Amino acid sequence: MAEVSRYLLSVSETLRVHAPGRVNLIGEHTDYTGGLVFPMAINRGITLSYTAADGVVELTSDGVPGVLSISLPFDSAPNAVEPHWGSYIAAMAAELRATQGLRGHVLSDIPAGAGLSSSAALECAIGLALGFDGTPLELSQAAQRAEHRATGVPTGIMDQLSIAAGVAGHATLIDCHGLSVTPHAVPRDIDVVVRFIAHRTLEGSGYGDRVAECKRAEDEIGPLRLATLDDVERISEDIIRRRARHVVNENQRVHDFAAALGIGDYVEAGRLITEGHASLRDDFDVSTARMDAAVDGIVATPGVFGARMTGGGFGGCIVAICQPGALADGWIVSPSAGARRID
Ligand code: ADP
Ligand code: MG
C-alpha cells in the first residue's frame, strides 16, 4: 500500500527542466566544418513544467497555439507532426527511444526563430524531461540529430552543445572537430547586449547551400579547419573561395577574440566582432540590408566596442559588447549554466 501511494505521488509530482538560449559571440558558420565557435548560454531560455505520463507526450506552449499529442514510442516522420513545433519534440522522443512520457507546458523568454537557439533549447529541455541521463555532449548530439530529423537542415553542433554544456559566468570556446568545450570567464565590466531585429527561418534559407559550398571548398583544398589563406586563394570559383575565406578568417577571429577578452582588450575584441559581421555580409552572403543597417547603427553608438549578427543569419538578433549602460535598447544578457533539472 505504501509502495502504491509513493508511486502515485511520484507520477503526479510536477517537475521542471530549464534549457538556456545561447548567444554566439563569434565563430559563425564554422561549426559544420569542424571549426571554432565562442557562444555563451544566457539567462533566458525555455522552462518545461511537466508530470509523468505513460506512453504519451502532451504539451502546450505559451505564445504558440495548439496542443501537441504524440504516442510513445514515436517512430513516424517527425516533420509531419502538428502543430509544427511538435516536430522537434517528436524527433527528440524518437532519438531517445522514449517510452515513458509526460504532460506539460513550455514557457519561454527567448524569441523563436531569431538566432538565440530556441529550437536547441526546446530539444535539450524535452530530452532531460524524457529522462535523458548521459553527458552534456551526448545530450547535444542526440538533440542535433533530432534537429536534423525535424527540419532537414544540416545544422552544426554549436547550438545544442553550447546549451547542454553552458557554464555560469563563462562563454565556451568549442572546437567542433574534437568537441572540446573550454570555458572562458566573461568579464563583468562590459555589457553583452542582444537586440532582436527580425524573425527568420533556416528551413528553405541559404543555410543548406552554405554547408554545400563549404563542402565543395573542402573537396578542393581539404578540411577548412586546417586551411590557410594561401590554400583558399587556390580555389578556382569566386563564390566558393569567398565562403572558404570567411571560415578560415573566422576561426582565427575566435582565437584572437578569446585572447583579447582574456586580457581586457575590449577595443580589439569589439573590432573582431564587427569584422566578423562584415565577413558574414561580404564573403558568406548570409546577412540582410536590415541587419547590416542595425549593426552599423549600434557600432556608431558611443561606448560600443563592436556588434554583429548572431546565429545562422538571414535575420535574427544582433549581439554587441559595450561599456556598461551604453546600449539602452536590448537585453543585457549574462552567461549562464547549461540545460538542467530544477526544483
Ligand atoms: P532559433 O533556434 O534560432 O530560435 P529555429 O528556426 O531554429 O530558430 O527554431 C525555431 C522553432 O523552434 C520555432 O519555429 C518552433 O517550432 C520552435 N520553438 C521555439 N520556441 C518555442 C516555444 N516556446 N514553444 C514551442 N516551440 C518553440
Ligand atoms: Mg534553431
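Residues numbered from 1 in each chain as written. Chains lettered and ligands numbered in written order. Predicted model: local features only at pLDDT ≥ 70, side-chain atom pairs only at ≥ 80, totals over all residues. Heavy atoms only, no water.

Caption draft 1: Inspection of the side chain of Thr-47 at higher detail. Structurally, Thr-47 can be placed in strand S2 (residues 36-54). The class of Thr-47 is buried, set by a relative accessible area of 17%. The residues touching Thr-47, leaving out its near neighbours within four places in the chain, are Arg-16, Val-17, His-18, His-105, Val-106, Leu-107 and Ile-342. (Helix = DSSP H or I, 4+ residues; strand = E, 2+ residues; numbered from the N terminus. Buried < 20%, exposed > 50% of the residue type's maximum accessible area, 1.4 Å probe, protein only. Contact = heavy atoms within 4.5 Å.)

Caption draft 2: Looking closely at the nonpolar core. Among the nonpolar cores identified, the biggest contains 70 residues, and Val-23, Leu-25, Phe-38, Met-40, Leu-59, Ile-70 and Phe-257 are the most heavily contacted of them. Considering every element that reaches this core, the biggest residue donor is helix H3 (residues 118-129), with eight residues. Two domains each provide a minimum of three residues to this core, namely domain 1 (15-26 + 41-170 + 336-342) and domain 2 (185-333). If near-sequence neighbours (up to four positions away) are discounted, Phe-257 is found in contact with Leu-25, Ile-26, Phe-38, Ala-269, Leu-272, Ile-273 and Ile-321. (Core = buried A, V, L, I, M, F, W, Y, C linked by side-chain atoms within 4.5 Å. Domains from an automatic or database assignment.)

Caption draft 3: Region of interest: the layout of surface pockets. The computed volume of the largest pocket comes to approximately 780 Å³. Along the walls of the largest pocket sit 39 residues, with Tyr-88, Ala-112, Gly-113, Ser-118 and Ser-119 positioned nearest its centre. At the level of elements, strand S5 (100-108), H3, helix H4 (136-151) and helix H5 (158-164) are the ones that each hand at least two residues to the lining of the largest pocket. Considering every element that reaches the lining of the largest pocket, the biggest residue donor is H3, with three residues. Among the residues forming the lining of the largest pocket, the class breakdown is 15 nonpolar, 16 polar and eight charged. Split by domain, the residues of the lining of the largest pocket number at least three in each of domain 1 (15-26 + 41-170 + 336-342) and domain 2 (185-333). (1 Å grid on protein atoms, 1.4 Å probe; cavity = no way out; pocket = protein on both sides within 12 Å on 5 of 7 lines; lining within 4 Å. Points joined across faces, edges and corners; volume = space filled by probe spheres on them. Nonpolar A, V, L, I, M, F, W, Y, C, P; charged D, E, K, R; others polar.)

Caption draft 4: Fine view of the site of ligand 1. For ligand 1, the set of nearby residues contains 18 residues, the closest of which are Ser-61, Gly-113, Gly-115, Ser-118 and Arg-200. Taking Gly-113, its main chain carries an N or O atom lying 2.8 Å from an oxygen atom of ligand 1. A distance of 3.0 Å separates an oxygen atom of ligand 1 from a polar side-chain atom of Arg-200. For ligand 1, whose unbound accessible area comes to 570 Å², protein coverage reaches 88%. Placement of ligand 1 is best described as lying within the largest pocket. Of all the elements in the fold, those that place two or more residues in the shell around ligand 1 are S5 and H3. Per-element accounting of the shell around ligand 1 gives the leading share, three residues, to H3. The class makeup of the residues in the shell around ligand 1 is nine nonpolar, seven polar and two charged. (Near = heavy atom within 4 Å. Polar contact = N/O pair within 3.5 Å; in protein donor to acceptor, adjacent residues only side chain to side chain. Areas by Shrake-Rupley, 256 points an atom, 1.4 Å probe, with all protein chains shown as cover. Sits in = over half its atoms within 2 Å of the grid points.)

Caption draft 5: Region of the structure containing the pairing of strand S8 (residues 191-198). In terms of residue burial, S8 counts as a mostly covered element, since six of its eight residues are buried. Sheet analysis places S8 next to strand S11 (residues 331-332), joined by two bridges and oriented antiparallel. Opposite Val-194, over in S11, you have Trp-331 as the bridge partner. (Pairing = 2+ DSSP bridges.)

Caption draft 6: Just the sheet that holds strand S10 (residues 316-322), in detail. Overall, antiparallel pairing links the four strands, which are arranged S9-S10-S8-S11 in an open sheet. Looking at strand neighbours, the two that pair on one side only are strand S9 (304-310) and S11, the edges of this open sheet. The strands that helix H10 (residues 289-299) touches are S8, S9 and S10; relative to S9, the one it contacts most, it runs at about 165°. (Axes fitted to C-alpha atoms, helices over the stretch in contact; angles between N-to-C directions.)

Caption draft 7: View of helix H2 (residues 86-95). Among the 10 residues that make up H2, 10 are buried, leaving the element largely enclosed by the rest of the structure. Of the positions making up H2, those classed as buried are Gly-86, Ser-87, Tyr-88, Ile-89, Ala-90, Ala-91, Met-92, Ala-93, Ala-94 and Glu-95. Against strand S3 (56-61), strand S4 (64-71), H3 and H4 lie the buried residues of H2. Where H2 ends, the next residue or the one after it, Arg-97, has phi of about 50°, a positive value.

Caption draft 8: Looking closely at the side chain of Ser-336. Relative to the helices and strands, Ser-336 is located in the loop between S11 and strand S12 (340-342). For Ser-336, a relative accessible area of 11% puts it in the buried group. One polar contact links the side chain of Ser-336 to the main-chain carbonyl oxygen of Ile-42, over a distance of 3.4 Å. Not counting chain neighbours up to four residues away, the residues in contact with Ser-336 comprise Ala-41, Ile-42, Asn-43, Gly-166, Val-167, Ala-168 and Gly-169.

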